[in-house]
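# Working through the structure, step by step
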Amino acid sequence: MSATAHVQIALDAPGAVVPARLFGTFVEHMGRCVYEGIYEPGHPTADADGFRDDVRALVRELGATVVRYPGGNFVSGYAWEDGVGPQGDRPVRLDAAWHSTETNQVGLHEFARWAESVDLEIMEAVNLGTRGPAEAAQLLEYANHPGGTALSDRRAANGRTEPFGIRLWCLGNEMDGPWQIGHKTADEYGRIAAETARLMRFYDPSVELVAAGSSNREMPTFGAWERTVLAHTADLVDHISIHAYYEELDGDTASFLASAVHLDGYIADVAAIIDDVRAERGITREIGISVDEWNVWNQTRWNTQDKDAVFAGDWPIAPRLIEDEYTVTDAVVVGSLLISLIRNSARVSMANLAQLVNVIAPIRCEPGGAAWRQTTFFPFRDAARHARGRVLPLDVAAPTTETARFGPVSDLDAVATVGDDGEVTVLLAHRGLDTALEVQLPLPGFEVREATVLAAPADGDRHAVNTAGAEHVAPRPLKVRPTASDALEVTLPPVSWTVIRLAPASPTTTTTTTTTTTD
């Protein structure tokens, strides 16, 4: 049994360009993201700096473009000076954010070399929890000034003659949250963010700055926080952040699969606030939305069970924190969230999947052992590889499912892009739980370059996960059929993620499609 959907694509209509930074990631000094994640000197694949080459290979395959560093909650208590200079001389500190011990064996120099090796632009966060404008400007001078000052010469003495050239800077992290070290009111944060931004621009006018927006849409201060912060900073910052995490609550799978509806609304709310403040202040330049933390995360379990156990113990080095195992369902939600980000390219200037390795991450690894792809790895990789160019307007007609949180929601979430070479990429998330979906795409004059689907394995278990040496869940070829009406047709399994790549047919092509192997 199956249902039917139609996706009409407006090939010639104008649309926003997908920002390359939309496919960002996040490395925080938290749990095993850095230590035993990207960095493990004793691992058989470790390079001279101690970074794992097997993890590096997966990071390259993932295709992220920018990386937020070093936090996160961690940054609100971090002294950047602890992470520079000879590794043997660096202080060992307690990290109050994650109740662990920080060895500082990885700092700015080591991380920058690693980021360069995987083609990631660094998005550096500064500490506005326990520190302020002066320390942020000092880090900027250390990182970016060519030479001839105490701090830039110190950088050279530490092995980096050329500046790091970091352009993208976050002004603190989640300062609206009472869990945050140095938690502030909106006025307090807005004032210190403005002071920091002004001073950093005095040092380097070319920097791009991100103000910290609300930690989530459900914060009691949401909306008022953004308006107050922007009242202080709108003429000084280039972006304001939102953070968005999603989980399945009380067995409500339908609402979980519809999480992108919430993200669409969150982005729209913040965009409206930005527009209001710009109009009130007479600001003509754009202010982007930086979704610099987003993912699927079993946050309820962390806050009600795991957190208390972790924080009650000793202060371990690189403890195992929120190493969620991701299912097929989780991967489809991540895919749908990516569709939302791409769909909102006109307002979302960048986004960072949180995090990269081990900690709620698309990549997992074990000390001394293997690294592997979680289910969520594949939607991100697919979108980062292929969803480039201009976003094409869509008209989707599909069955709906009634959800407890969002009311009736379309079973099919979709977005399409077209590159400079004319290649069209269609991303589809089938959110229906029980029924296959026959999808028709009227696209005459195109041939199929590739079509894949990620769905439950042969046993139909949408809770299937990948483990070391056993990647049961991965995209597989999908059959695309031409129809009598010169359309393309595919059958999407329930709870699935699909990528279809289409190229303009060559003059010698006698049919409008080619067909991939069967699924």
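### Focus: the overall build of the protein chain
- In terms of helices and strands, the protein chain carries 11 helices and 25 strands.
- Considered along the principal axes of its C-alpha atoms, the protein chain spans approximately 75 × 55 × 50 Å.
- Counting the 519 residues in the protein chain, one finds 59% classified as buried.
- Put simply, 78% of the contacts in the protein chain that link residues at least 6 apart link residues at least 24 apart.
- Accessible surface, the protein chain: about 18,900 Å² in total, of which carbon and sulfur atoms supply 51%.
- A gap of 3 Å separates the mean positions of the 42 positive and 72 negative side-chain charges of the protein chain.

### Considerations on helix α2 (residues 108–117)
- With seven of 10 residues buried, α2 lies mostly within the body of the structure.
- Taken residue by residue, α2 has Leu108, His109, Glu110, Phe111, Ala112, Trp114 and Ala115 as its buried positions.
- Check the buried side of α2 and you find it contacts α1 (53–62), β3 (66–69), β6 (121–126), α3 (133–144) and α4 (150–157).
- Asp119 sits one or two residues past α2 and shows a positive phi near 60 degrees.

### With respect to the side chain of Asn466
- Looking at where Asn466 falls in the secondary structure, it is placed in the loop between β21 (446–454) and β22 (476–477).
- Looking at Asn466, its side chain comes within polar contact range of the main-chain oxygen of Arg373, at 3.1 Å.
- Within the local environment of Asn466, its side chain forms a polar contact with the backbone nitrogen of His472, the two atoms lying 2.8 Å apart.
- Among all residues touching Asn466, those that are not within four sequence positions of it are Tyr326, Trp372, Arg373, Gln374, Thr375, Phe378, Glu471, His472 and Val473.

### Regarding the sheet that holds strand β18 (residues 412–418)
- The strand order β14-β18-β19-β25-β21-β22 describes an open sheet built from six strands, whose pairing is antiparallel. The open sheet has two free edges, formed respectively by β14 (390–392) and β22, since each of these has just one partner strand.
- Pairing geometry for β21 and β22, over two bridges, is antiparallel. Within β22, the position partnered with Thr452 by the bridge is Pro477.

### Considerations on the sheet that holds β3
- As summarised here, the arrangement of the eight strands in space is β2-β3-β6-β7-β8-β9-β10-β11, forming a closed barrel in which the pairing is parallel. Direction aside, the axes of adjacent strands within the sheet are offset by 30 degrees on average.
- The pairing of β3 with β6 spans four bridges and is classified as parallel. Opposite Val66, over in β6, you have Glu121 as the bridge partner.
- In this fold helix α5 (residues 186–203) packs onto β7 (168–171) and β8 (208–211), with an angle of close to 155 degrees to the strand it touches most, β7.

### Concerning the packing of aromatic side chains
- Within this structure, the stated rule accounts for 14 aromatic pairs.
- Ring geometry for Tyr39 versus Phe51: centroids 5.2 Å apart, planes at 65 degrees, classification edge-to-face. One end of the pair, Tyr39, is in the loop between β2 (24–26) and α1; the other, Phe51, is in the loop between β2 and α1, and 12 residues separate them in sequence.
- Residues Phe222 and Tyr266 carry aromatic rings whose centres are separated by 5.5 Å and whose planes lie at 85 degrees to one another, so their mutual orientation is edge-to-face. With Phe222 in the loop between β8 and α6 (224–233) and Tyr266 in helix α8 (residues 259–281), this residue pair connects regions lying 44 residues apart in the sequence.
- Residue classification places Phe222 among the buried positions, given a relative accessible area of 18%.
- The ring of Phe26 has Arg68 sitting right over it, with the charged end atom 4.8 Å from the ring centre.
- Across the ring face of Phe377, the terminal group of Arg373 is positioned such that the distance to the ring centre comes to 5.8 Å.

### What about unusual backbone geometry?
- Geometrically, the link from Tyr69 to Pro70 is a cis peptide bond, its omega value of 0 degrees lying close to zero.
- Assignment of secondary structure puts Pro70 in the loop between β3 and β4 (93–95).
- At the junction of Ala354 and Gln355, the peptide bond is cis and its omega measures out at -5 degrees in the coordinates.
- Summarising the element assignment, Gln355 is placed in the loop between β11 (348–354) and β12 (363–365).
- Not every positive phi belongs to a glycine, and His99 is a case in point at roughly 45 degrees.
- The topology assignment puts His99 in the loop between β4 and β5 (100–102).

### Considering the packing of α1 against helix α11 (residues 377–386)
- With their axes 8 Å apart at the nearest point, α1 and α11 run at an angle of 55 degrees to one another. With respect to α11, the axis of α1 lies oblique. For the pair α1 and α11, contact is made by Leu58, Glu61 and Leu62 and by Phe377, Phe380, Arg381, Ala384 and Arg385, respectively.
- By residue class, the composition of the contact of α1 with α11 is five nonpolar, no polar and three charged.

### Things to note about the confidence of the model for the protein chain
- Taken over all residues, the pLDDT of the protein chain has a mean of 95, while the share at 70 or more is 97%.
- Low pLDDT, under 50, characterises residues 510–519; the predicted model gives this stretch 31 contacts beyond four residues in sequence or across chains.

Cut-offs and rules
- Residues numbered from 1 in each chain as written.
- Predicted model: local features only at pLDDT ≥ 70, side-chain atom pairs only at ≥ 80, totals over all residues.
- Heavy atoms only, no water.
- Helix = DSSP H or I, 4+ residues; strand = E, 2+ residues; numbered from the N terminus.
- Buried < 20%, exposed > 50% of the residue type's maximum accessible area, 1.4 Å probe, protein only.
- Contact = heavy atoms within 4.5 Å.
- Areas by Shrake-Rupley, 256 points an atom, 1.4 Å probe, with all protein chains shown as cover.
- Lys, Arg positive; Asp, Glu negative; His and termini not counted.
- Charge placed at Lys NZ, Arg CZ, Asp CG, Glu CD.
- Polar contact = N/O pair within 3.5 Å; in protein donor to acceptor, adjacent residues only side chain to side chain.
- Pairing = 2+ DSSP bridges.
- Axes fitted to C-alpha atoms, helices over the stretch in contact; angles between N-to-C directions.
- Phe/Tyr/Trp six-rings, centres within 6.5 Å; stacked < 30°, edge-to-face > 60°.
- Lys NZ or Arg CZ within 6 Å of the ring centre and 35° of its normal.
- Parallel < 35°, antiparallel > 145°, perpendicular 65-115°, else oblique.
- Nonpolar A, V, L, I, M, F, W, Y, C, P; charged D, E, K, R; others polar.
- pLDDT = per-residue confidence, 0-100.

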